[in-house]
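# Coordinate analysis (summary)
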Amino acid sequence: MFKRILVPVDLNEPDFSESAVEMAIREARLDQGEIHVMTVMPGFNSPLVAGYFDADAVEKAREAVKIQLKSFAANRLPADLPHSLSVHEGQPADRIIHQAEHMGADLIILTAHHRSHLQEVLLGSNASRVVERAACSVLILRGGKG
Ligand code: ADP
């Protein structure tokens with residue numbers, strides 16, 4: 001049913017996304033689908049933050065995050081399952097929506113903490129922004145693994 005599955009991963013909390021990756025593998029296997037794993041490095045593209053780092057430092061950070069994402073995927077995705085990876089910069093929910101449109105995703109799978117509406121308003125939940133704005137189906141798994 002789902003052919004292009006997007007799994008956004010916060011590399012600050014890689015284990016938290018484990019169940020999303022497992023679910024994505026199951027869905028992809030059902031219909032010869034493919035998985036795209038993405039991560040967003042926040043901050044660097046804002047002029048205020050960028051002013052503190054030279055281009056070299058930003059490039060090094062980007063390379064380090066790419067390596068982390070590769071290792072995340074290599075440890076969790078079977079080699080025979082078609083998959084791709086990408087590293088983005090900016091606001092996570094914005095980048096997730098953009099990537100979903102770019103790749104024509106038909107499903108986004110996220111893991112999210114349960115928060116009250118008030119907490120969401122105060123904390124600004126990426127998960128709820130994605131649900132609100134995505135054109136495709138979104139599956140939110142509660143909590144991390146288990
Ligand atoms: P919380 O569950 O703490 O409210 P979020 O609303 O940010 O947090 O939802 C968590 C999910 O959002 C993560 O599991 C991940 O799928 C996605 N996400 C959050 N930050 C990032 C990031 N920097 N890069 C990619 N995905 C992210």
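Anything mentioned here points back to the structure above.
Residue positions are counted from 1 within each chain, in the order its sequence is given. Two thresholds apply to this predicted model, a pLDDT of at least 70 for residue-level local features and 80 or more for giving and counting side-chain atom pairs, whereas whole-chain, interface and lining totals are computed over all residues. Excluded from the side-chain calculation are hydrogens and water; included are all heavy atoms of the structure.

Looking now at the overall build of the protein chain. A tally of helices and strands in the protein chain yields six helices and five strands. Secondary structure follows DSSP: runs of H or I at least 4 residues long count as helices, runs of E at least 2 residues long count as strands, and numbering of each begins at the N terminus. When the helices and strands of the protein chain are placed in sequence order, the string is β-α-β-α-α-β-α-β-α-α-β. Using a 1.4 Å probe on the protein chains alone, a residue whose accessible area is under 20% of its type maximum counts as buried, one over 50% counts as exposed, and one in between counts as partly exposed. A total of 146 residues make up the protein chain; the buried ones form 38% of that total. Taking all contacts inside the protein chain whose residues are at least 6 apart in sequence as the whole, residues at least 24 apart take part in 80%. Of the roughly 8,400 Å² of accessible surface on the protein chain, a fraction of 54% belongs to carbon and sulfur atoms. Should any heavy atoms of two residues lie within 4.5 Å, those residues are counted as being in contact. Accessible surface area values rest on a Shrake-Rupley calculation with a 1.4 Å probe, where residue burial reflects the displayed protein chains alone.

Strand pairing follows a simple DSSP-based rule, namely that at least 2 bridges must link the two strands. Reading across the sheet, the five strands line up as S3-S2-S1-S4-S5 and stay open at both edges, with parallel pairing between neighbours. Looking at the sheet topology across the chains shown, the edges are occupied by strand S3 (83-89) and strand S5 (137-142). Looking at each pair of strands side by side, their axes are set apart by 25 degrees on average, direction ignored. Bridging between strand S4 (residues 107-112) and S5 involves six bridges; their strand directions are parallel. Paired with Ala112 across the two strands is Arg142, which belongs to S5. Sitting on the sheet, helix H1 (residues 18-30) is in contact with strand S1 (4-8), strand S2 (34-41), S4 and S5, with an inclination near 155 degrees to S4. A fitted line through C-alpha atoms serves as each axis, taken over the contacting stretch for helices, and the angle formed by two N-to-C directions is quoted from 0 to 180°.

The next point concerns the site of the ligand. Any residue with a heavy atom lying within 4 Å of a molecule or strand is counted as near it. Lining the immediate environment of the ligand, one finds 16 residues, of which Pro8, Thr111, His113, Arg115 and Asn126 sit closest. The backbone of Val9 places a nitrogen or oxygen atom 3.3 Å from a nitrogen atom of the ligand. Between the ligand and the protein, one listed contact pairs an oxygen atom with a backbone N or O atom of His113 at 2.6 Å. Mapped by element, the contributors of at least two residues to the shell around the ligand are S2, helix H4 (92-103), S4 and helix H6 (126-133). A per-element tally of the shell around the ligand places S4 first, with three residues. Any N or O atom pair separated by 3.5 Å or less is treated as a polar contact, with the protein-specific requirement of one donor-capable and one acceptor-capable atom, and with residues adjacent in sequence counted only for side-chain atom pairs.

This part is about H1. By this rule the span expected of a helix is its residue count minus one, scaled by 1.5 Å. Taking 1.5 Å per residue as the helical rise, H1 with its 13 residues ought to reach 18 Å, and the 19 Å between its terminal C-alpha atoms agrees with that figure. For H1, the secondary structure elements touched by its buried residues are S1, S2, helix H3 (55-76), S4 and S5. In the stretch just after H1, Gln32 is the one whose phi turns positive, near 45 degrees.

Ranked by internal contacts, the top residues of the largest apolar core, which has 22 residues, are Ile5, Val7, Ile35, Val37, Leu77 and Ile109. Of all the elements in the fold, those that place two or more residues in this core are S1, H1, S2, H3 and S4. Of the residues forming this core, the biggest block, five residues, is contributed by H1. Excluding anything up to four places from it in sequence, Leu77 contacts Val21, Ile25, Ile35, Val37 and His83. Here, nonpolar core refers to any group of buried Ala, Val, Leu, Ile, Met, Phe, Trp, Tyr and Cys residues whose side-chain atoms link them within 4.5 Å. Listed in part, the 16 residues of the second largest apolar core include Ala93, Ile96, Met103 and Leu110.

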